[in-house]
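Survey of secondary and tertiary structure
Spelled out from the first residue to the last, the chains are:
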Amino acid sequence: AAALSRLSDAGYGGRFAGLGEKKLQDWEQRRAVGMLGVRRKTGPKPNVEFEKALISALVADPSLVGPEGTIGRNAYAQVKAIAREVRLQPEFKDDERVQRLSFSDSWVTDFLTKNELRKAKFGQRKPNFKRDRAQSKVDEVRLSLLELGFPVNVVENSLRPLMHYIESRQLRIDKRRATAEA
């Protein structure tokens, strides 16, 4: 009632008349501690002991978690299997929150994100571009066009964009190699 009376005294009474007293009290409490505008997490609270046991089981498997806290790209099935094994431990058998967990892909993603485990990024792909092979193809096209009777200037002008592409592709590859080595 006090919060509603303050609002009506400030000229906002009609605007907030439909709000319940409980909601206004909640706003007042959150404003007092500096939490107004901060969203509170809703939904079931996680079982911290279960998550700690799961993390220790994941870290114990060296094939699953890398040295930098990375996890293999296709390791979700392994994480789910380990989570199901941890759920069967005696200390979690009677915990309803743990037994209701579905271990879906989205749950695994959220769990890994919350615990700062991220997917491993594998090294750069090796470029399969071979400049000499591309150049030999251009030379073949040039010879075949000249044999068909096209004028030399038409052939050269037609192949110029392809040659520029080959050169720019090679420059991009060289640039990537230089940054990877640095």
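Residues numbered from 1 in each chain as written. Predicted model: local features only at pLDDT ≥ 70, side-chain atom pairs only at ≥ 80, totals over all residues. Heavy atoms only, no water.

Section: the pattern of salt bridges
Pairing is possible between side chains that carry opposite charge, provided their charged atoms lie close to one another. Rule in force here: What makes a salt bridge here is a side-chain nitrogen of Lys or Arg within 4 Å of a carboxyl oxygen of Asp or Glu, nothing more. Counting from the N terminus, the helices are the DSSP runs of H or I reaching at least four residues and the strands are the DSSP runs of E reaching at least two.
By the definition in use, this model includes 5 salt bridges. A salt bridge links Asp 105 to Lys 80, with the shortest nitrogen-to-oxygen separation between them at 2.6 Å. Here Asp 105, found in helix 6 (residues 105-114), pairs with Lys 80, found in helix 4 (residues 76-87); they are 25 residues apart in sequence, far enough to count as distant. With a shortest N-O distance of 3.0 Å, Glu 156 and Arg 142 are connected by a salt bridge. Remark: Arg 142 occurs in helix 7 (residues 131-147) and Glu 156 occurs in helix 8 (residues 152-181); sequence separation between them is 14 residues. Through salt bridges with shared partners, a single network forms among Asp 139, Arg 142 and Glu 156.

Regarding the packing of helix 3 (residues 48-60) against helix 6
Going by this rule: Between N-to-C directions, angles span 0 to 180 degrees; the directions come from axes that are lines fitted to C-alpha atoms, helices contributing only their stretch in contact. Orientation is classified from the angle alone, with under 35 degrees giving roughly parallel, over 145 giving roughly antiparallel, 65 to 115 giving roughly perpendicular, and any other angle giving oblique. Here, two residues are considered to be in contact whenever any of their heavy atoms come within 4.5 Å of each other. Residue polarity is assigned by list, with Asp, Glu, Lys and Arg as charged and Ala, Val, Leu, Ile, Met, Phe, Trp, Tyr, Cys and Pro as nonpolar; anything else, Gly included, falls into the polar class.
The contact between helix 3 and helix 6 brings their axes to 12 Å, and the two run at 85°. Put simply, helix 3 runs roughly perpendicular to helix 6. Contact with helix 3, carried on its side by Phe 50, Glu 51, Leu 54, Ile 55 and Leu 58, involves Trp 107, Phe 111 and Lys 114 of helix 6 and no other residues of that element. Among the residues forming the contact of helix 3 with helix 6, the class breakdown is 6 nonpolar, no polar and 2 charged.

Quick word on the packing of aromatic side chains
When we look at a pair of aromatic rings, we describe it by the centre distance and by the angle of the planes. Keep this limit in mind: Only Phe, Tyr and Trp rings are paired, with Trp represented by its six-membered ring, and only when their centres lie within 6.5 Å; those with planes under 30 degrees apart are stacked, over 60 edge-to-face, the remainder tilted.
Evaluated as defined, the whole model comprises 4 aromatic pairs. Aromatic side chains Phe 50 and Phe 92 sit 5.4 Å apart centroid to centroid with 90° between the ring planes, which places their arrangement in the edge-to-face category. With a gap of 42 residues between them, Phe 50 in helix 3 and Phe 92 in the loop between helix 4 and helix 5 (96-99) connect regions that are remote in the sequence. Members of the aromatic cluster, connected to one another through ring pairs, are Phe 50, Phe 92, Phe 103, Trp 107 and Phe 111.

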